[in-house]
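Take a look at the letters that make up each chain.
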Amino acid sequence: MVKNVLIPRCSYCNSDHEPDLRCSACKVTRYCSSEHQSSDWGRHKSTCHTIKRCRRALDVEDTKLRNDDGGGGGFGWAFPFENYVGHFWGVYSTRPYMRARFNLVAEIVKVNTHDAATAALGHLLDMLRLCRGDNQGVRDLVPALYLRLNRDQECYDFSKWYQTEGIRGDYNWGDMNLGFLDLKNEDVMESAAVFCDQWGTSHAIPVTLMKVRMLLDLRDLATASALLEVPSLNPDAVRSIQDHLDFRSPIWKARPELLAPDGLEEKIRVLEQQTDDLFKSVNKGNEYFWKSIFDYEKLSQTPPHSYSNGTREENVLLLMHNGRAWDETEGAMGWVLDKLKSS
Ligand SMILES: [Zn+2]
Ligand SMILES: [Zn+2]
């Protein structure tokens with residue numbers, strides 16, 4: 001029913017029919033048959049080996065850290081997994097572990113599969129649980145992965161938390177009694193102001209896509225309703241149209257009232273305004289992003305060693321984190337193109 005979702009597919013023939021055979025080494029590709037698994041091996045081999053190597057490196061660090069008694073004497077930080085969850089990275093001995101985990105995620109996200117996105121997101125969320133302060137920029141990768149996995153509401157709640165709570169100067173990242181990433185079912189139709197003109201665009205970009213998905217869906221719905229030439233649709237007719245449309249946004253499942261024909265034009269207008277504000281704000285934050293999103297694959301091959309906001313280097317990361325989610329959403333690149341033409 002959805003247009004944009006990354007669903008489990010055979011990595012060789014791309015079929016989504018029972019691709020039940022998973023590569024046991026990397027666990028992020030799957031196949032519809034052992035024939036297709038062997039046929040894909042030549043292409044998959046090097047990625048598979050790299051992921052396996054990174055996972056082994058992480059396992060080594062994991063074992064070391066779990067057995068770390070702090071070196072005795074009471075000065076060390078003993079058993080971080082029991083005593084310092086939330087404070088990792090600040091506890092020096094955790095850094096090789098956190099680096100190894102990040103390296104593994106960096107390799108996994110290169111693989112364009114549902115399993116890879118799921119695994120990467122799981123690692124990143126757990127890394128935030130271990131280290132709220134997030135010294136590695138994990139929070140910048142999370143929202144687009146939520147979108148790729150069709151978890152748009154969680155993308156919104158996550159991003160909004162950072163742009164409201166996480167942005168406060170007095171938020172104490174070390175206080176485990178404070179709420180952390182605890183927003184749930186926030187109103188996706190509300191003003192996008194908290195995402196505009198902020199420091200950095202890494203949450204504004206995925207929120208733009210989330211709203212673009214809604215906007216394109218509502219436009220499709222309006223077109224379909226107009227085609228039926230029904231001045232005021234009864235609920236059954238609406239449901240029948242909805243059933244026949246492939247929606248991009250999973251938001252409608254939880255909030256079907258937003259699809260009501262009453263005020264449809266007004267909702268479209270509101271989303272047009274919000275996405276326009278976001279588009280401009282992102283453009284202000286990094287002038288390269290929109291112009292280069294069409295070439296995201298080519299441009300995001302090598303991550304920069306360092307960057308500052310608004311630079312070409314930052315743009316490489318923005319493309320790396322967000323490009324696929326835009327590409328996978330039907331009509332989203334077209335929306336960007338229209339915006340560029342009219343601005
Ligand atoms: Zn296949
Ligand atoms: Zn593999």
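Residues numbered from 1 in each chain as written. Chains lettered and ligands numbered in written order. Predicted model: local features only at pLDDT ≥ 70, side-chain atom pairs only at ≥ 80, totals over all residues.

**Q** I tried to follow the packing of helix 3 (residues 95-108) against helix 4 (residues 114-130) on my own but got confused; where do I start?
**A** Geometrically, a packed helix pair is captured by the angle between its two axes and the distance between the axes. Where helix 3 contacts helix 4, the two axes come as close as 9 Å, and the packing angle between them is 155°. Classed by the angle they form, the pair helix 3 and helix 4 counts as roughly antiparallel. In this structure, the crossing between helix 3 and helix 4 has a hand that is left-handed. For the pair helix 3 and helix 4, contact is made by Met 98, Arg 101, Leu 104, Val 105 and Ile 108 and by Ala 116, Ala 119, Ala 120, His 123, Leu 124 and Met 127, respectively. Looking at the contact of helix 3 with helix 4 residue by residue, the class counts come to nine nonpolar, one polar and one charged. (Axes fitted to C-alpha atoms, helices over the stretch in contact; angles between N-to-C directions. Helix = DSSP H or I, 4+ residues; strand = E, 2+ residues; numbered from the N terminus. Parallel < 35°, antiparallel > 145°, perpendicular 65-115°, else oblique. Left-handed = near helix turned anticlockwise from the far one by under 90°. Contact = placed C-beta atoms within 7 Å. Nonpolar A, V, L, I, M, F, W, Y, C, P; charged D, E, K, R; others polar.)

**Q** How should I be thinking about the UniProt feature "domain: MYND-type" (unreviewed entry) in the protein in this particular structure?
**A** The feature "domain: MYND-type" (unreviewed entry), as annotated in UniProt, sits at residues 10-48 in this numbering. Taken end to end, residues 10-48 is 38% helix and 10% strand, and its first and last C-alpha atoms sit 15 Å apart. (UniProt positions renumbered as here; feature names shortened; annotations may be inferred.)

**Q** Just checking my understanding: could you explain the packing of helix 1 (residues 34-66) against helix 3 for this structure?
**A** One can describe the packing of helix 1 onto helix 3 by two numbers: an axis separation of 9 Å at closest approach and a directional angle of 160°. With respect to helix 3, the axis of helix 1 lies roughly antiparallel. For the element pair helix 1 and helix 3, the recorded crossing hand is left-handed. In contact with Thr 50, Ile 51, Cys 54, Arg 55, Ala 57, Leu 58, Glu 61, Asp 62 and Leu 65 of helix 1, helix 3 contributes Pro 96, Tyr 97, Ala 100, Arg 101, Asn 103, Leu 104, Glu 107 and Ile 108.

**Q** Teacher, can you tell me more about helix 6 (residues 152-164) here?
**A** Think of an α-helix as turning once every 3.6 residues; residues three or four places apart then point the same way. The end-to-end C-alpha separation of helix 6 is 18 Å, in line with the 18 Å expected for 13 residues at 1.5 Å each. Counting buried positions along helix 6 gives 10 out of 13 residues, so the element sits mostly inside the fold. (Expected span 1.5 Å × (residues − 1). Buried ≥ 20, exposed ≤ 12 C-beta atoms within 10 Å, placed from the backbone.)

**Q** So what exactly am I meant to see when it comes to the domain arrangement of the protein here?
**A** Accessible area lost on assembly of the parts is the figure often given for the size of an interface. Assigned domains of the protein: these are domain 1 (21-136) and domain 2 (193-342). Summarising the inter-unit geometry, the C-alpha centres of domain 1 and domain 2 are found 31 Å apart. (Domains from an automatic or database assignment.)

**Q** Sorry, what's going on with the environment of Ile 205 here?
**A** Looking at the element boundaries, Ile 205 is found in helix 7 (residues 204-227). On a C-alpha basis, the gap between Ile 205 and Val 282 in space is 6.8 Å, while along the polypeptide they are 77 residues apart. Once residues lying within four places of it in the same chain are set aside, the contact partners of Ile 205 are Val 282, Leu 318 and Asn 322.

**Q** Mind showing me how you'd approach helix 1 here?
**A** Compared with the 48 Å implied by 1.5 Å per residue over 33 residues, the 37 Å span of helix 1 between its first and last C-alpha is markedly short. Within the span of helix 1, buried status applies to Gln 37, His 44, Cys 48, Ile 51, Cys 54, Arg 55, Leu 58 and Leu 65. For helix 1, the secondary structure elements touched by its buried residues are strand 1 (21-22), strand 2 (30-31), helix 2 (80-83) and helix 3.

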